[in-house]
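# Commentary on secondary and tertiary structure
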Protein chains: 2
Amino acid sequence: MAPPPGPPPGPPPSMALRTALLFLRLFTIAALFASIIVLTTNSAYLEIASVELKVRFKDIYAYRYMLATIVMGMAYTLLQIIFTLYYISTGNRVITGDGSFTFDFFGDKIVSYLLATGAAAGFGATKDMKSVFLGIGGADKFFNKGYASASLLLIAFVCTAMLSVFSSYALPKRI
Amino acid sequence: MAPPPGPPPGPPPSMALRTALLFLRLFTIAALFASIIVLTTNSAYLEIASVELKVRFKDIYAYRYMLATIVMGMAYTLLQIIFTLYYISTGNRVITGDGSFTFDFFGDKIVSYLLATGAAAGFGATKDMKSVFLGIGGADKFFNKGYASASLLLIAFVCTAMLSVFSSYALPKRI
C-alpha cells in the first residue's frame, strides 16, 4: 500500500511558535512606540554664553535618522502583525506560496539592519555630542533622553534580529 | 532496480558560486583594511580660540567603536577565507556536518550587524560633530576622513549582508 502523500515542503510552524513570534512582534512595536515618544518629545534649553538656545530632537541629524528607522520599523511590524492575525483567524495567508517565506525573510533582515543602524547612529552621536556640550546646563538631560530612546530602539532591534533568525530557518529553499 | 542513493541533505553549492562567495569575502576584507587605514591615520590640528588642539581618531568615541567592529570583521572574514581555501584545496570542511552551515549563518549575521552598527555610529557622530565644529580650521578635513572610513565600512557591511543572504539560504534545517 502506498504511503499517504507527505506534507508540502516547509510545513507551517506550530501554533505555539506562531503565538510566541506574534508576542515578539507586539513587544517590538511597543518598544518602537516608546522610543518614538521619548525621541520626539525631547527638547531642552541650553545656556551658552548666557544666551538660552532651544534645542529639539530635529537639530540632531542622527535623531532624524532614528525617527526615520523607527517609522519604517513600526510600519513593517504592524503589517506583519496584521498578516499573522489574518492567518490565525482565517487559516489563509495574505501572500501565498513560498513568497510568504521570502517576504518574512527579507523583511525581517532589512528592517533589523535599519533598526540596528538607527540605534547605533543615535548612540554614536549622543556619546560624542554629550562630551562636547559637557557642563552646559540642560544638555545632559537632553542627551540622556537620546540615550533612552536609542536603548528602546536597540531592544526593538534585538527582537527583530531574533525574528529574523526564525524567518531564515523557515526559508523553504536553499542553494 | 533501486535508484542510487541520493545526495546528502544540503548539497554543497557549485564551485562557481563558492568562488564568487570567496571573492565577496576578499572584497570585504580589502574594504575593511582600507577603512582601518583611513580611520587610524586620521588626525588634525583644530584652531579653537587661537589655541591649536590636536585631535586624533581616539578622541571620538564613535570612531573607537568603528575600530572595534572593523577588527572583529577582519578577524571573522579572514577565518572564513582560510576555511574556504582549506575546503577548496582538500575537499574537507574544518567544521563538519550541519555545524558548518550554522557557523556561517550566525557568523555572517552577527558580523553584518556589527559592521552595520559601526558604519552607522561613524556616520551619525561625524554628521553632527561636523556641524558643531563648522568653520574651525582643520575640523572639516578630519571629519571628511571619518566619512571616508565609514563609507568603506558600509561597503564591507553590504558585502557581508549579501553573504548572509546566501548562508541563510544554505541553512539545511528549518522550523
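Above this text sits the structure in question.
None of the values given here were measured: they were computed from a predicted structure. (Residues numbered from 1 in each chain as written. Chains lettered and ligands numbered in written order. Predicted model: local features only at pLDDT ≥ 70, side-chain atom pairs only at ≥ 80, totals over all residues. Heavy atoms only, no water.)

## Structural notes on the overall build of chain A
Defined as follows: Numbering goes from the N terminus for both helices and strands, where a helix is a DSSP run of H or I of at least four residues and a strand is a run of E of at least two. Radius of gyration means the value over C-alpha atoms here, while the globule rule gives 2.2 Å times the residue count to the 0.38 power. Here's how the labels work: a residue is buried when its accessible area is under 20% of the maximum for its type, exposed when over 50%, partly exposed in between, all with a 1.4 Å probe on protein chains only. The criterion used for residue contact is that any of the two residues' heavy atoms lie within 4.5 Å.
When helices and strands are counted, chain A shows 4 helices and 2 strands. Its helices and strands taken in sequence order, chain A reads α-β-β-α-α-α from the N to the C terminus. On C-alpha atoms alone, chain A measures out to a radius of gyration of 21 Å, which is more than a quarter above the 16 Å that the 2.2 N^0.38 rule sets for 175 residues. Along the longest, intermediate and shortest principal axes, the C-alpha atoms of chain A span 90 × 35 × 20 Å. Relative to its 175 residues, chain A shows a buried fraction of 45%. Here the analysis covers contacts within chain A between residues at least 6 apart in sequence; of these, 79% occur between residues at least 24 apart.

## Considerations on the packing of aromatic side chains
Geometrically, a pair of aromatic rings is defined through the distance of the ring centres and the angle of the planes. All names here are of chain B. The following threshold applies: Side-chain rings of Phe, Tyr and Trp (the six-membered ring for Trp) are treated as a pair once their centres are within 6.5 Å; stacked means planes under 30 degrees apart, edge-to-face means over 60, and tilted covers the remaining angles.
Within this structure, the stated rule accounts for 19 aromatic pairs over all chains. The interplanar angle of 45 degrees and the centroid separation of 6.1 Å between the aromatic rings of Tyr-63 and Phe-142 together place this pair among those described as tilted. Highlighted residues: Tyr-63 in helix α2 (residues 61-90) and Phe-142 in helix α4 (residues 139-169), separated in sequence by 79 residues. With a relative accessible area of 0%, Tyr-63 lands in the buried category. Take Phe-142: its relative accessible area is 1%, and that puts it in the buried class.

## Regarding the relation of the copies chain B and chain A
Put simply, the test is: Superposing the copies works by least squares over the C-alpha atoms of residues that have pLDDT at least 70 in both of them.
It takes a turn of 180 degrees to lay chain B on chain A, together with a shift of 0.0 Å along the axis; the resulting RMSD is 0.0 Å. As the rotation angle and translation indicate, the two copies are arranged about a two-fold axis. Both copies share a contact surface, since 100% of the interface residues of chain B are interface residues in chain A too.

## A closer look at the interface of chain B and chain A
Definition in use: Here's the idea: put two parts together, see how much 1.4 Å probe accessible area each one loses, and the total over both is what we call buried area. For this analysis, a salt bridge means a side-chain nitrogen from Lys or Arg found within 4 Å of a carboxyl oxygen belonging to Asp or Glu. Polar contact criterion, stated in full: a pair of N or O atoms within 3.5 Å, where within protein one must be able to donate a hydrogen and the other to accept it, and residues adjacent in sequence count only if both atoms are side-chain atoms.
Opposite the 39 residues of chain B that make contact, chain A presents 40 residues. Taking both sides of the interface into account, the surface hidden between chain B and chain A amounts to around 3300 Å²; carbon and sulfur atoms contribute 70%. Our count for the contact surface shared by chain B and chain A stands at 0 salt bridges. Where chain B meets chain A, there are 8 residue pairs in polar contact (both at pLDDT 80 or more). Secondary structure elements with two or more residues in the side of chain B that touches chain A: α2, α3 (99-132) and α4 of chain B.

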